[in-house]
Amino acid sequence: MSQSQRQKRLRLLVKKLNKERKRQASQIDILCNDLIAAHRSFVNRLNAVSFAASFYKNLLGESDLRRLLMRAGQLLGKELPGANITFFLRQPEGCRVPTFESHEALLIDNRPLEDHFQSLLVDNICKANRPCTFDDLLEMGLEGDLTDLNEVSMATLPLSDLGRALGFVLMYRPVPCRLRTDELRKASLITCGLSHAIAGCRVPLHCGD
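Just so it is clear, the model here is predicted, and its values are computed rather than measured.

## Digging into the environment of Leu137
- Tracing the chain through its elements places Leu137 in helix α4 (residues 134-140).
- By relative accessible area, Leu137 is classed as buried at 0%.
- Leave out the neighbours within four places in its chain, and Leu137 touches Phe117, Leu121, Ile125, Cys132, Leu142, Met154 and Thr156.

This is the structure in structure tokens:
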């Protein structure tokens with residue numbers, strides 16, 4: 001074999017080795033990224049479970065409905081910084097219970113956003129008994145200046161006990177600080193236990209108390 005042939009074969013071998021090295025490096029990068037993503041997902045799930053456990057622990061033994069909801073609002077507010085949180089309960093009085101830790105109410109048509117949740121809209125949300133987005137709320141009867149409404153990121157989560165709708169929790173904050181999917185997912189973890197606690201409260205809540 002001539003010198004030139006040997007050099008050609010050597011160059012081909014080096015090229016093949018480099019190609020294989022790049023392929024392996026790419027596979028390692030993919031594997032590392034997958035491991036990082038899996039670790040991040042695990043940490044997020046762990047944080048969510050930890051939040052739910054801490055939430056329930058803080059509500060244990062509370063039998064006064066107003067104090068229960070105030071405490072729940074405070075705990076939720078820590079997980080949704082800058083958000084207003086209001087509980088609407090399905091009662092003959094059409095009761096709503098704003099938490100005292102909420103930020104200043106946003107005005108729509110010069111009225112607090114909560115005032116736009118009239119009895120018919122509240123009833124429609126309760127009947128749906130599912131998470132509702134802004135578009136859902138518009139379809140259900142939410143009214144107000146659309147320019148103002150579009151400046152608010154809002155969502156509701158149902159409160160139900162054994163399939164019976166008890167009400168819902170309204171969460172909102174100004175755009176561009178939109179409610180994130182992970183925040184709503186974390187908040188949804190506590191609605192089941194909170195609903196049981198609401199149903200189990202011995203003292204009824206009266207509007208205006």
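So, next bit.
## Some remarks on unusual backbone geometry
- Of the consecutive residues Val175 and Pro176, the connecting peptide bond is found in the cis state with omega at 15 degrees.
- The residue Pro176 is located in the loop between β6 (164-174) and α6 (181-188) in this model.
- Despite not being glycine, Asp109 shows a phi value in the positive range, around 55 degrees.
- Structurally, the position occupied by Asp109 is in the loop between β3 (107-108) and β4 (111-112).
- Its identity as a non-glycine residue notwithstanding, Leu162 has a phi of 55 degrees, on the positive side.
- Of note, Leu162 is situated in the loop between β5 (152-161) and β6.

## Some details on the pattern of salt bridges
- Scanning the entire structure with this criterion turns up 7 salt bridges.
- Among the ionic pairs, Arg90 bridges to Asp123, the shortest N-O distance being 2.9 Å. Placement of the pair is Arg90 in the loop between β1 (84-89) and β2 (96-98) and Asp123 in helix α3 (residues 119-128), with a sequence separation of 33 residues.
- Since its relative accessible area comes to 39%, Arg90 is described here as partly exposed.

## Focus on the confidence of the model for the chain
- Of the residues in the chain, 73% reach a pLDDT of 70 or more, and the chain-wide mean stands at 78.
- At the level of individual helices and strands, the chain shows its lowest average pLDDT in β2, which scores 55, and its highest in α4, which scores 94.

## Digging into the state of the cysteines
- For the structure shown, the criterion picks out 0 disulfides.
- Residue Cys126 stays outside any disulfide, its sulfur separated by 9.5 Å from that of Cys132, the closest cysteine.

## Comments concerning the environment of Gly73
- Within the element layout of this structure, Gly73 appears in helix α2 (residues 65-79).
- Looking at Gly73, the relative accessible area reads 2%, which means it is buried.
- Taking the C-alpha atoms as reference, Gly73 lies 10.0 Å from Met171; in sequence the two are 98 residues apart.

Definitions and limits used
All residue numbers refer to positions counted from 1 along the written sequence of the respective chain. Reporting in this predicted model follows two pLDDT cut-offs: at least 70 for local features of residues, and 80 or more for side-chain atom pairs to be given and counted; totals over whole chains, interfaces and linings ignore these cut-offs and use all residues. For the side-chain quantities, the full set of heavy atoms in the structure was used; hydrogens and water were omitted. In this text, helices come from DSSP runs of H or I with a minimum length of four residues, and strands from runs of E with a minimum of two, each type numbered from the N-terminal end. When accessible area is computed with a 1.4 Å probe and restricted to protein chains, residues below 20% of their type maximum are described as buried, those above 50% as exposed, and intermediate ones as partly exposed. Two residues qualify as a contact provided that any one of their heavy atoms is within 4.5 Å of a heavy atom in the partner residue. Take a side-chain nitrogen of Lys or Arg and a carboxyl oxygen of Asp or Glu: if they are within 4 Å of each other, that pair is a salt bridge. On a range of 0 to 100, pLDDT expresses the predictor's confidence in each residue. Count a disulfide wherever a pair of cysteine sulfur atoms falls within 2.5 Å.

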